[in-house]
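# Coordinate analysis (summary)
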Amino acid sequence: MTQQAVAESRSYAVRRIPMLRPLGWLARGWADLMACPVPGLLHGLAAALWGALIVVLAADRFWLLAGAFTGFLLVAPVVATGLYAISRALERGEQPGLGTALRAWKPDDHRLVVFGLLLALAGTGWVLTSAALIWTQTGAAVRTPVDFLRLVVLAPSGALFETWMALGAVLAAPVFASSVVTLPLLLDRQIGVLAAVFVSWKTVLTHPAPMALWAFLLLALSGLGMLSVMVGLVVVVPWLAHASWHAYRDLVDTSGLAERN
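Residues numbered from 1 in each chain as written. Predicted model: local features only at pLDDT ≥ 70, side-chain atom pairs only at ≥ 80, totals over all residues. Heavy atoms only, no water.

### Here we look at the overall build of the chain
Our working rule: Here a helix means four or more residues in a row that DSSP labels H or I, a strand means two or more in a row labelled E, and each is numbered from the N terminus. Remark: exposure states derive from per-residue accessible area (1.4 Å probe, protein chains only) relative to the maximum for the residue type, with buried under 20%, exposed over 50%, and partly exposed in between. We call two residues in contact when some of their heavy atoms are within 4.5 Å. Areas reported as accessible are Shrake-Rupley estimates using a 1.4 Å probe. Residue values count occlusion only from the protein chains shown.
When helices and strands are tallied, the chain shows 13 helices and two strands. Buried positions account for 48% of the 261 residues belonging to the chain. Contacts spanning at least 24 positions in sequence make up 78% of the contacts within the chain whose residues lie at least 6 apart. For the chain, the exposed area adds up to about 12,600 Å²; of that, 70% sits on carbon and sulfur atoms.

Below, the structure written as structure tokens:
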């Protein structure tokens, strides 16, 4: 199966892009959001409400909350799937709406669901790992952001915060490489999940510097959205979703390959 996926992935070439091309993706993503704002803002509102619910449920458990927020970033591409369909429709000169986003999740195509579940497992694994590390290593309850700053970031001995960050990076880097173009590719083309993941890795390995910049922009803008008491996510989530579609279209050459309608 792996050999078949590798062979399938070789049908998709990776285009060369300049270092600052991710800024162009943001510009085009913003244009898509302005052209069809309602579906995007509804997706963003759902993400913001979900983030607010996490805060309410874990308000006095920051040891859990810290991992939950970073885990949310791992599964965010799944939330954006319908918005990739909006951007594709705009690219085709169509007039998309909320129905366009909803129809992206076809009941007879399980590839998106399978990959979404894999991302959810990765996110859950990080939440549990983060919580276990903080809970076992601090020796005290980490209930508030101040506790986290005092007991983890400014820990008097050891390197707990550095370890926490390193573990997060160890998990986030391969997840990012595995997902950066995978969901738009699955939505757009008839390709297997594993082959799409291989294409995603190929794009990252071909362009390590631009993709590192893209990862930083995704993280920074998502962080700003969360720091604004989740309100910023209403705009940030759809903006980055539409931009991610343009990242896929710039990076992956799909000419002559079967589309998924």
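### Points about the packing of helix 12 (residues 208-227) against helix 13 (residues 233-251)
Note the following rule: Lines fitted to the C-alpha atoms define the axes, with helices restricted to the stretch that makes contact. Angles between their N-to-C directions range from 0 to 180 degrees. Throughout this description, any angle smaller than 35 degrees is read as roughly parallel, any larger than 145 degrees as roughly antiparallel, any in the 65 to 115 degree range as roughly perpendicular, and the remainder as oblique. Left-handed is the label given to a crossing in which the near helix is rotated counterclockwise from the far helix by less than a right angle, and right-handed is the label when the rotation is clockwise. Each residue gets one label: Ala, Val, Leu, Ile, Met, Phe, Trp, Tyr, Cys and Pro are nonpolar, Asp, Glu, Lys and Arg are charged, and the others, such as Gly, are polar.
Between helix 12 and helix 13, the shortest axis-to-axis distance is 9 Å and the interhelical angle comes to 165°. Between helix 12 and helix 13, the angle falls in the class roughly antiparallel. Crossing of helix 12 against helix 13: the hand is left-handed. Residues Met211, Trp214, Leu218, Leu221, Ser222, Gly225 and Met226 of helix 12 form the contact with helix 13, whose own contacting residues are Leu233, Val236, Trp239, Leu240, Ala243, Ser244, Ala247 and Leu251. Here the residues of the contact of helix 12 with helix 13 are counted per class, giving twelve nonpolar, three polar and no charged.

### Digging into the UniProt feature "transmembrane region" (unreviewed entry) in the chain
Condition: UniProt positions are given in the numbering used here, feature names are shortened, and annotations may be inferred rather than shown by experiment.
Listed under "transmembrane region" (unreviewed entry) in the UniProt record, and renumbered for this structure, are residues 29-56, 62-86, 112-136 and 213-241. The straight-line gap between the two end C-alpha atoms of residues 29-56 is 31 Å; of that span, 96% is helix and 0% is strand.

### Focus on the pattern of salt bridges
Basically, it comes down to this: By definition here, a salt bridge exists when the distance from a side-chain nitrogen of Lys or Arg to a carboxyl oxygen of Asp or Glu is within 4 Å.
Per the counting criterion, the structure on display carries six salt bridges. A salt bridge links arginine 88 to aspartate 188, with the nearest nitrogen and oxygen atoms 3.2 Å apart. One end of the pair, arginine 88, is in helix 5 (residues 81-91); the other, aspartate 188, is in helix 10 (residues 182-188), with 100 residues separating them in the sequence. As a salt-bridge pair, aspartate 188 and arginine 189 come within 3.0 Å of each other at their nearest N and O atoms. Classification of aspartate 188 as buried rests on a relative accessible area of 2%. Residues joined in a network through salt bridges with shared partners are Arg21, Arg28 and Asp250.

### Considerations on the nonpolar core
Note the following rule: The term nonpolar core refers to a set of buried residues drawn from Ala, Val, Leu, Ile, Met, Phe, Trp, Tyr and Cys, joined through side-chain atoms within 4.5 Å.
With 51 residues, the main nonpolar core has Trp25, Leu26, Ile191, Met211 and Trp214 as its most contacted residues. Within the residue set of this core, elements represented by two or more residues are helix 2 (21-35), helix 5, helix 7 (111-138), helix 9 (160-179), helix 10, helix 11 (193-206), helix 12 and helix 13. The dominant element in this core, judged by the number of residues it contributes, is helix 13, at nine residues. Setting aside residues no more than four positions away along its own chain, leucine 26 makes contact with Trp214, Leu217, Leu221, Trp239, Leu240 and Ala243.

### Here we look at the side chain of serine 87
Mapped onto the secondary structure, serine 87 falls in helix 5. For serine 87, a relative accessible area of 1% translates into the label buried. Leave out the neighbours within four places in its chain, and serine 87 touches Asp32, His242, Trp245 and His246.

### Brief notes about the packing of helix 2 against helix 12
The geometry of helix 2 relative to helix 12 is characterised by a closest axis approach of 8 Å and an angle of 45° between their N-to-C directions. On the basis of the axis angle, helix 2 is oblique to helix 12. Contacts between helix 2 and helix 12 involve Pro22, Leu23, Trp25 and Leu26 on the former and, on the latter, Pro210, Met211, Leu213, Trp214, Leu217 and Leu221. Class assignment of the residues belonging to the contact of helix 2 with helix 12 gives a composition of ten nonpolar, no polar and no charged.

### Looking at a nonpolar patch on the surface
Stated formally: Two joining distances apply to patches: 9 Å for like charges and 5 Å for nonpolar side chains (Val, Leu, Ile, Met, Phe, Trp, Tyr), and every residue must have over 30% relative accessible area and no salt bridge.
On the surface, Val38, Leu42, Leu45, Leu49, Leu98 and Leu102 cluster together to form a nonpolar patch covering roughly 550 Å² of accessible area. Broken down by secondary-structure element, the contributors of at least two residues to the nonpolar patch are helix 3 (37-57) and helix 6 (98-103). For the nonpolar patch, the element with the most residues is helix 3, which contributes four residues. Tracing the chain through its elements places leucine 98 in helix 6.

### Quick word on helix 5
For helix 5, the tally of buried residues reaches nine of eleven residues, placing the bulk of the element in the interior. Taken together, the buried positions of helix 5 are occupied by Thr81, Gly82, Leu83, Tyr84, Ala85, Ile86, Ser87, Arg88 and Ala89. At the C-terminal side of helix 5, glycine 93 shows a positive phi close to 85°.

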